[in-house]
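Residue-level structural notes
The chain contents come next:
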Amino acid sequence: MKEKAISLTDGSELSIASESHIRKREVLKIQLPKEVSASFLLRFSQDMAAVQSKREFVATMHSYLKQLLSYEDFLVCTLIDGNTRHRTFFYSVSAESNEGYPIEDGFFPIVLRAQQILQFDLEEIHQTGQVVPSYIKNKYQKGINLIVTVPLRVRKEEVGVLFLLCKDTNKLDPTVLNLLQAMSYSIAFTVAGILASEEIERREREKRLLLSFSQEIAAIRSKKDLLEVATQQLKEMFFCKDATIYSIPEIFNQKLAHISSVDSECILARILESEKPVIFSVHELNAKDKLSDYGHSLVREGVDGCMAMRLIYGNRRMGIITLLAENKKIFQEEQYGLMISIAAQLAGMLANIMANERIENQLVEICRYKEQLEENIYLQLEENIYLQQEANTICKFSEIIGNSAQMQQVYTLVSQVADSTATVLLLGESGTGKEMIAKAIHTASSRRDKQIIKVNCAALPLTLIESELFGHEKGSFTGAVNRRIGKFEQANQSTIFLDEVGELPPEVQVKLLRVLQEKEIERIGGDATIKVDVRIIAATNRNLEKEVAEGRFRLDLYYRLNVFPITLPPLRERREDIPLLAEYFMARYAKKAGKRITGIAKKVIESMVFYPWPGNVRELEHMMERTVLLTNDFVIKQMDLPRIMPEATGINTDFTQIKPLQEIEREYILHVVKVCNGRISGPHGAAIRLGLPSTTLLSKMQKLGIRKEHFVEEQR
Ligand SMILES: Nc1ncnc2c1ncn2[C@@H]1O[C@H](COP(=O)(O)OP(=O)(O)OP(=O)(O)O)[C@@H](O)[C@H]1O
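As the structure is a prediction and not an experimental result, all values here were calculated from the model.

Before going further, it helps to spend a moment on the overall build of the protein chain. Of regular secondary structure, the protein chain possesses 27 helices and 23 strands. Residues counted as buried form 45% of the 716 residues belonging to the protein chain. Counting every atom, the protein chain has about 38200 Å² of accessible surface; 52% of that belongs to carbon and sulfur.

What follows is the structure in C-alpha cells.
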C-alpha cells in the first residue's frame, strides 16, 4: 500500500500509517470465515440495537472490539453546536468532559469526512514533527502508537468519530477494517440514539427546571424576593457558585461593569447586544486588561467563569443575569436554551414587578393626594363651618362691624349669653356700641319677638325716672293724670335695656335691686305688686367699681348687675376695624345722600387708623357722615380729622416745663409706637404714621434710646 498523505488546513500534510512506515508490522491475523463475519455483525447489530445507555454501549463495544483487535482503549467524539465543534462522547481514561473543541483543528475534519477508516502511526508523526492537535499528541505520550479513526455516520449525516487507541503499530487486517466499517453504522446509530435520548432527557430536565422556576417565581411580587428566589434557583440549575440579576439602572453602577475597566465595557456591550448568553473567563479578561478590584476579588474567591445573558422585554432592556463559576467550562452552549428561556421569564417578571411598583407608587401617590384632598376638604369644611358660624354671627349681629380679635371675643360672649335669662352688664367707653350689642343679645334670644325696651337712665329727670321704670297709678302724684305703665311692665316677657345705669339715683337703685331679686314691681301709688318676667341688660361707661368705692353705686346692685359682664373695646384698641367701619359708613351715608362714592384714599385711611377716636365708633360714624356730605368725588381723598388732643395722645405737653427737643421727639415716637401696638413697619406700623421709612425710624429709636421693653412693658 502506497503511503498516503492527507492535506491539513494549515497547508502541511499528515501521513497515514502505511506498510512502508510501520516497522515490525505484523498484520493482525484474524481469519474469520464469511459466515462468521456475518453472524458477528448480526449479533453486534442486535446487541447494539438493544443498548439503552452509555454504560451498555461501552460494555458492548468492548466485548466485540476485543474479538477483532488488540487495543488499549477507544474514544468516541461527537459533533455539537451545528457540527462546528466536537466533544468527547466517551473516553474511559479521562473523566468525561463537557468541553467542546472546534472541529477545524486540521485533523478532526479529515478523519470525520474520510470515506474510510484511517490509521495514524503516532511514532512516525512524532518523529517527523508533524503538527497534530494536542489530544492526539497526548495519546502518544501515554504510550499509544497507532490511532485508528472510524467516521461515524447515520445515513449521510456525520455523527462523530470512533478513535481506536492501540499500543502496537500493527496495521489492521482488511477483514477487520471491513468489519469495523460495517460495525460503524450500528455504532453511529447507537451513539446518535444515545445522544438523542440524552438530548430528550436534557430537554425534559430543562422543562422541569423551567416549570419549577416558573412556579417558584410566579407568586413573587417584589424585586427583592425575585432576586433572592431566582438567584438561588439559578445556582441550583447551573451548578454555579453565584448568580446575580442586575436591573438596567443598576448595571452601569455595578461590579460587573468594573471587572476590568476597559474590557468590561466590551463585555457588557457584548452581553447587551447578544441574543445568546455570553461565556467568558475573568482570567482571559485579565490577560487583555488590568483587572479591577472586583475582578481580583473574584479571582481570590476562585471565580473564573462567567455566563451572562441580557434580559429583554419587548424592545426594552430590563437588565442582565450573571452566573459565576470556578471554571468557565461549567457553562456549556447546550445550556443556552435554558438560560434564554429563564432570561425571558425573568425579563417578563421584572417588567411586571417594575410596572407593579410603578402602579403601587402611583397608588401611594394617589392615596396621599386623596388624603391631602380629604384633609383639604375637611379643612375647607371646617373653614366653611367657621365661616358659616361667623356668617351666622355676623348675620345675627349684621349691623355690627368688626373682625378684630377683641370683637370676635365680644361676639362669642354675646352668643353664649343670648339665649339665657342672665342679666348682662355692658361696659365700655361711650360710642363703643353697647346699645348695639344689647339689641343684638335681645335679637339672638328667645324674646326676640317682643320689642326690647330701652331706658336711658342718664337722660331722665330725677323725678321721672321711677315713674318711667315702674309706672304710676292715676293721681299718685301731681301731674299723674292717668295711670302709667312703667318700662319694666312694658318689657314683660322681653328685655329691658338700662343704658347709663351708673347714673341711677340711689333711691331708684334700691327699687331696681328689688326687681332683680323679687322679679316684681310696684307702680308708684299702687298697692299691688306686679310679677314681671324681664331680661335685664344694663350698660355704663362709668367705672362701676370706682362708683361703688366712692359710695355712688350700691354694691349689692352692682353684684346683681355684674352677672355676665361684657366689655366693649375702645376703637383705638382695635384699629384694624377702622378701615372696615369707614367703608361701611361711607357706603351707608353715600347711599343716604344719593352720592356715588366708591372708596377712600389710602392716605385718608392711614390717617383714620392713626387717629385715636376718643368718641369711638360714634365719632367715626359722624366723621364719615360729614365727609360723605363734603365729598364731591368718587373717592374720599380728604378728611378733616380733629387735631389730636394731648390727653388723647397721652403725651405730656406741659409747656411750663421746657424740655430739650430731642426729649420731646423721643416721647412722641414712643407714644406713636405704643399706639401702633409696638409695630414699626407695615401698613399699621409707626413708620407709616410718622411718614418715615421704617429703617430710619429704627435708627432714630436706637439713637434716642428707645428699646423694646419701653413700649412692650408699658403695653402690658
Ligand atoms: N361695631 C359697630 N358696627 C357698626 N356700628 C357701630 C358699631 N359700634 C357702634 N356703632 C355705631 O356707633 C354708634 C354708637 O353706638 P352705641 O350707641 O351702641 O354706643 P354706646 O356704647 O351705647 O354709646 P353710649 O355709651 O354713648 O350710649 C351707633 O350709631 C352705632 O350704630
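Past the structure itself, the notes keep going.
Pairing is antiparallel across the open sheet formed by six strands, whose spatial order is β5-β4-β3-β8-β7-β6. Because the sheet does not close on itself, it has two edges, and the strands there are β5 (100-102) and β6 (118-121). Pairs of neighbouring strands in the sheet enclose a mean axial angle of 30°, with direction left out of account. Contacting β3 (73-80), β4 (85-91) and β8 (157-166), helix α2 (residues 54-68) crosses the sheet at an angle of about 135° to β3.

Take the sheet that holds strand β21 (residues 564-567) next. Taken together, the five strands give an open sheet; going across it, the order is β14-β17-β20-β13-β21, and neighbouring strands pair in parallel fashion. Both edges of this open sheet fall to β14 (453-456) and β21, since each of them pairs with a single strand only. Adjacent strand axes in the sheet meet at a mean angle of 20°, parallel and antiparallel pairs treated alike. When strand β17 (residues 494-499) meets strand β20 (residues 534-540), the two strands line up parallel, connected through five bridges. Bridging from a neighbouring strand, Phe-497 pairs with Ile-537 of β20. Helix α13 (residues 405-418) contacts β13 (424-427), β20 and β21 of the sheet and is inclined by roughly 155° relative to β21.

Take the confidence of the model for the protein chain next. Parts of the prediction with low pLDDT should not have their coordinates interpreted in detail. Taken residue by residue, the protein chain gives an average pLDDT of 81. The fraction at 70 or more is 83%. Note that pLDDT drops below 50 for residues 17-30; the model gives that stretch 37 contacts with residues more than four away or on any other chain. This stretch, residues 380-396, has a pLDDT under 50; its non-local contacts, to residues over four places away or in other chains, come to five contacts.

What follows is about the site of the ligand. Ile-401, Ser-430, Lys-434, Arg-618 and Glu-621 are the nearest of the 19 residues found near the ligand. Within the side chain of Ser-430, an N or O atom sits 2.5 Å from an oxygen atom of the ligand. With respect to the ligand, the side chain of Lys-434 contributes an N or O atom lying 2.7 Å from an oxygen atom. Protein contacts shield 89% of the accessible area of the ligand, which totals 610 Å² for the unbound molecule. Going through the elements one at a time, α14 (434-444), α20 (578-593) and α22 (616-630) are the ones with two or more residues in the shell around the ligand.

Attention now goes to a nonpolar patch on the surface. A contiguous nonpolar surface patch, about 280 Å² in accessible area, is contributed by Ile-359, Leu-363 and Ile-366. Structurally, the position occupied by Ile-366 is in helix α12 (residues 336-396).

With that settled, consider the environment of Ser-281. Mapped onto the secondary structure, Ser-281 falls in strand β10 (residues 278-281). Measuring from C-alpha to C-alpha, the distance between Ser-281 and Ala-325 comes to 9.5 Å, with 44 residues separating the pair along the chain. When near neighbours in sequence (up to four residues on either side) are disregarded, Ser-281 contacts Asp-304 and Lys-328. In terms of polar contacts, Ser-281 uses its side chain to reach the side chain of Asp-304, at 3.0 Å.

Quick look at the nonpolar core now. Counting residues in hydrophobic clusters, the biggest one holds 36 residues, and the most contacted among them are Phe-57, Phe-74 and Ile-187. Secondary-structure elements contributing two or more residues to this core are α1 (34-50), α2, β3, β4, β7 (146-154), β8 and α6 (174-218). With nine residues, the top contributor of residues to this core is α6. Once residues lying within four places of it in the same chain are set aside, the contact partners of Ile-187 are Phe-44, Met-48, Phe-57, Met-61, Leu-152 and Leu-162. Ranked by size, the runner-up nonpolar core spans 34 residues in total, among them Phe-331, Ala-343, Leu-350 and Ile-353.

On to α2. Because each turn of an α-helix spans 3.6 residues, side chains separated by three or four positions in sequence point in the same direction. Its 15 residues give α2 an end-to-end C-alpha distance of 21 Å, which sits within 8% of 21 Å, the value for a rise of 1.5 Å per residue. The complete set of buried residues in α2 reads Lys-54, Phe-57, Val-58, Thr-60, Met-61, Tyr-64, Leu-65 and Leu-68. Looking straight down α2, one finds its buried side chains confined to an arc of 170°; they lie on one side. For α2, the exposed residues set more than 90 degrees away from the buried face come down to Arg-55 and Lys-66.

Attention now moves to α20. Under the 1.5 Å per step criterion, the end-to-end length of α20 is 22 Å for 16 residues, consistent within 8% with the ideal 22 Å. Every buried residue of α20 is listed here: Ile-578, Leu-581, Ala-582, Phe-585, Met-586, Tyr-589 and Ala-590. When α20 is viewed along its axis, its buried side chains cluster within an angular range of 150° and face the same direction. Buried-residue contacts for α20 involve β22 (599-600), α21 (602-610), α22 and β23 (635-636). Phi turns positive, to about 70°, at Gly-594, one or two residues after α20.

By the element assignment, Lys-474 lies in the loop between β15 (471-472) and β16 (484-485). Of the residues examined, Lys-474 reaches a relative accessible area of 61% and is grouped as exposed. Spatially, the C-alpha atoms of Lys-474 and Ile-524 are 9.2 Å apart, while their sequence positions differ by 50 residues. Beyond its immediate chain neighbours, meaning those up to four positions away, Lys-474 contacts Ala-480, Val-481, Asn-482 and Arg-483.

Conventions adopted
Residues numbered from 1 in each chain as written. Predicted model: local features only at pLDDT ≥ 70, side-chain atom pairs only at ≥ 80, totals over all residues. Heavy atoms only, no water. Helix = DSSP H or I, 4+ residues; strand = E, 2+ residues; numbered from the N terminus. Buried < 20%, exposed > 50% of the residue type's maximum accessible area, 1.4 Å probe, protein only. Areas by Shrake-Rupley, 256 points an atom, 1.4 Å probe, with all protein chains shown as cover. Pairing = 2+ DSSP bridges. Axes fitted to C-alpha atoms, helices over the stretch in contact; angles between N-to-C directions. Contact = heavy atoms within 4.5 Å. pLDDT = per-residue confidence, 0-100. Near = heavy atom within 4 Å. Polar contact = N/O pair within 3.5 Å; in protein donor to acceptor, adjacent residues only side chain to side chain. Patch = residues over 30% accessible without salt bridge, like charges linked within 9 Å, V, L, I, M, F, W, Y side chains within 5 Å. Salt bridge = Lys/Arg side-chain N within 4 Å of Asp/Glu carboxyl O. Core = buried A, V, L, I, M, F, W, Y, C linked by side-chain atoms within 4.5 Å. Expected span 1.5 Å × (residues − 1). Arc of directions from axis to C-beta.

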